[in-house]
2 protein chains.
Amino acid sequence: MKTPEELVARFREQGYKVTPQRQLIFRLLDGNTAHPTAETLYEVAAQQMPGISLRTVYQTLSELSAMGEVQHIDLGSGAVRFDPNVDDHHHVVCSTCGVVHDVYVNQTPLHFEGDVEGFAVHSTRIVFSGECAQCAHLSA
Amino acid sequence: MKTPEELVARFREQGYKVTPQRQLIFRLLDGNTAHPTAETLYEVAAQQMPGISLRTVYQTLSELSAMGEVQHIDLGSGAVRFDPNVDDHHHVVCSTCGVVHDVYVNQTPLHFEGDVEGFAVHSTRIVFSGECAQCAHLSA
DNA sequence: TGTTAGTTAGCACGACTTGTTGATTAGCAG
DNA sequence: CTGCTAATCAACAAGTCGTGCTAACTAACA
Ligand SMILES: [Mn+2]
Ligand SMILES: [Mn+2]
Ligand SMILES: [Zn+2]
Ligand SMILES: [Zn+2]
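Conventions we followed
Residues numbered from 1 in each chain as written. Chains lettered and ligands numbered in written order. Predicted model: local features only at pLDDT ≥ 70, side-chain atom pairs only at ≥ 80, totals over all residues. Heavy atoms only, no water. Near = heavy atom within 4 Å. Polar contact = N/O pair within 3.5 Å; in protein donor to acceptor, adjacent residues only side chain to side chain. Helix = DSSP H or I, 4+ residues; strand = E, 2+ residues; numbered from the N terminus. Nonpolar A, V, L, I, M, F, W, Y, C, P; charged D, E, K, R; others polar. Core = buried A, V, L, I, M, F, W, Y, C linked by side-chain atoms within 4.5 Å. Buried < 20%, exposed > 50% of the residue type's maximum accessible area, 1.4 Å probe, protein only. Contact = heavy atoms within 4.5 Å. Least-squares fit on C-alpha atoms with pLDDT ≥ 70 in both. Donors = N, O, S within 2.8 Å, 3.2 Å for Na, K, Ca; no water. Tetrahedral: all angles 85-135°; square planar, octahedral: opposite > 155°, others 65-115°. Buried area = accessible area lost by both parts, 1.4 Å probe. Salt bridge = Lys/Arg side-chain N within 4 Å of Asp/Glu carboxyl O. Pairing = 2+ DSSP bridges. Arc of directions from axis to C-beta.

Caption draft 1: Spotlight on the protein's contact with DNA strand D. In the region of DNA strand D, 18 residues are neighbours, and Thr19, Ile52 and Thr56 of chain A together with Tyr58 and Val80 of chain B sit closest. Within the contact set of DNA strand D, a base oxygen lies 3.1 Å away from a side-chain nitrogen or oxygen of lysine 17 of chain A. One of the side-chain N or O atoms of serine 53 of chain A is found 2.9 Å from a phosphate oxygen in DNA strand D. Broken down by secondary-structure element, the contributors of at least two residues to the surface near DNA strand D are helix H2 (20-29) of chain A together with helix H4 (54-66) of chain B. Grouping the amino acids of the surface near DNA strand D by side-chain chemistry returns seven nonpolar, six polar and five charged.

Caption draft 2: Quick peek at the nonpolar core. Counting residues in each nonpolar core, the largest one holds 24 residues, and the members touching the most others are Phe128 of chain A together with Phe128 of chain B. Secondary structure elements with two or more residues in this core: strand E3 (90-94) and strand E6 (120-131) of chain A together with strand E3 (90-94) and strand E6 (120-131) of chain B. When neighbours within four sequence positions are excluded, phenylalanine 128 of chain B is seen to be in contact with Leu110, Phe112, Phe119, Val121, Ser123 and Thr124 of chain A together with His91, Val92, Val93, Val103 and Val105 of chain B.

Caption draft 3: Geometry of the relation of the copies chain A and chain B. Between the two copies, chain A and chain B, the superposition gives an RMSD of 0.1 Å; the rotation angle is 179° and the shift along the axis is 0.0 Å. Both copies are brought into coincidence by an operation consistent with a two-fold rotation axis. In terms of proximity to the rotation axis, the leading residue of chain A is isoleucine 126 of chain A, whose C-alpha is 2.2 Å off the axis. Comparing interface residues between copies, 100% of those in chain A also sit at the interface in chain B, which points to an isologous, same-surface contact.

Caption draft 4: Up close: the coordination of the zinc ion (ligand 3). Residues and elements named next belong to chain A. Looking at the zinc ion (ligand 3), the protein donor atoms are Cys94 (SG), Cys97 (SG), Cys132 (SG) and Cys135 (SG), and they sit 2.2 to 2.4 Å from it. Around the zinc ion (ligand 3) sit four donor atoms, and with donor-metal-donor angles ranging over 105 to 112° the site reads as tetrahedral. Motif for the zinc ion (ligand 3), donor spacing along one chain: C-x2-C-x34-C-x2-C.

Caption draft 5: Quick look at the interface of chain A and chain B. Between chain A and chain B, the residue contacts involve 37 residues of the former and 37 residues of the latter. For the pair chain A and chain B, the two sides together bury roughly 3,100 Å², of which 55% comes from carbon and sulfur. One can count zero salt bridges joining chain A with chain B. For the pair chain A and chain B, the interface holds twelve residue pairs in polar contact (both at pLDDT 80 or more). Put simply, the parts of the chain that give the side of chain A that touches chain B at least two residues each are E3, strand E4 (100-104), strand E5 (113-114) and E6 of chain A. Per-element tally for the side of chain A that touches chain B: the top contributor is E6 of chain A, with twelve residues. The class makeup of the residues in the side of chain A that touches chain B is 18 nonpolar, twelve polar and seven charged. As defined by bridge partners, E5 of chain A adjoins strand E4 (residues 100-104) of chain B across two bridges and the pair is classed as antiparallel.

Caption draft 6: Structural context of helix H3 (residues 38-48) of chain A. All names here are of chain A. Every buried residue belonging to H3 is among Ala38, Leu41 and Ala45, and all of these are buried. Mapping the buried residues of H3 onto a view down its axis gives an arc of 65°, with all of them on the same face. Its buried side turned inward, H3 meets H2, helix H4 (54-66) and strand E2 (81-83).

Caption draft 7: Fine view of the coordination of the zinc ion (ligand 4). Residues and elements named next belong to chain B. Looking at the metal site, the zinc ion (ligand 4) is ligated by Cys94 (SG), Cys97 (SG), Cys132 (SG) and Cys135 (SG), spaced 2.2 to 2.3 Å from it. Counting along the primary sequence, the residues that act as donors to the zinc ion (ligand 4) give the motif C-x2-C-x34-C-x2-C. Of this pair, cysteine 94 sits in strand E3 while cysteine 132 sits in the loop between E6 and helix H5 (133-139), and the two are 38 residues apart along the sequence. Cysteine 132 carries the same exposure label as cysteine 94, and that label is buried.

Caption draft 8: Inspection of the pattern of salt bridges at higher detail. Scanning all chains against the criterion turns up six salt bridges over all chains. A network of salt bridges, in which partner residues are shared, links Lys2, Arg10 and Glu69 of chain A.

Okay, structure coming up:
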């Protein structure tokens, strides 16, 4: 994702108004590695701006997603997570606590075999599931 | 997934009754590479057994899933898909028509880098997204 | 044959997300 | 500064996917 300042400029270019709500969300996403859901982002936002609506958070996230500034990650476990990291990267997910971390796989592009003649791969998503160090420690 | 005959035996062992509905679903899943949703499986089932309920299809799929006989695949695009192929395999998905095919990746286990000290990987899921040959042909 | 699990219809609910409406606020171009 | 208009908000509804529940009926299996 671009910096909050650059996003302000891009929003102005696109004819979108630069509201305090949008700017707050830009800042909350900047450098955010928590892979938050709309709901969790809303909760943090509401602390700094009581009265902001969940609807607006969803709306702004959709705009950023449409602009390619955030990625949305559906891990199949409840709500979609949003990711300001749009580098070519992948994720490890703890099945116990749900924490998501970025990982980088250098063997990509991967080679695969199967009955898929002529299939043009545009993107590859890898999710490693397991148990994080903290959860392993607690359960021991 | 085991054969329908073996599943009949396993269900009896577990104290589950072997109903015509369950047997029909066993047969519909046997060798099925379509990665159907509960809904699409229900539609096919209802042709052969009018009156079967969607509820029962969901129920039986849950039982098979709990037994490890089918895998459920959440591609983040609508309903969960069910897969009687429980081998270690991955998927290619056409973004246009939604078709899902099995693929096998032989570089697994994959090596990754990131801030994930002590994370124990239990499973790896890879999804290749792109455009299938048919869709490429149609759009050309 | 009897017990009991399974099935069904029907309705509701829950989670997540989007749509709508109508009133209010405020960004920003001129 | 002013005015146009987008944005926000509250409130409510709706849609999708999946599950829960009930009550009545059916049928598997001991
Ligand atoms: Mn990420
Ligand atoms: Mn498969
Ligand atoms: Zn954990
Ligand atoms: Zn296709």
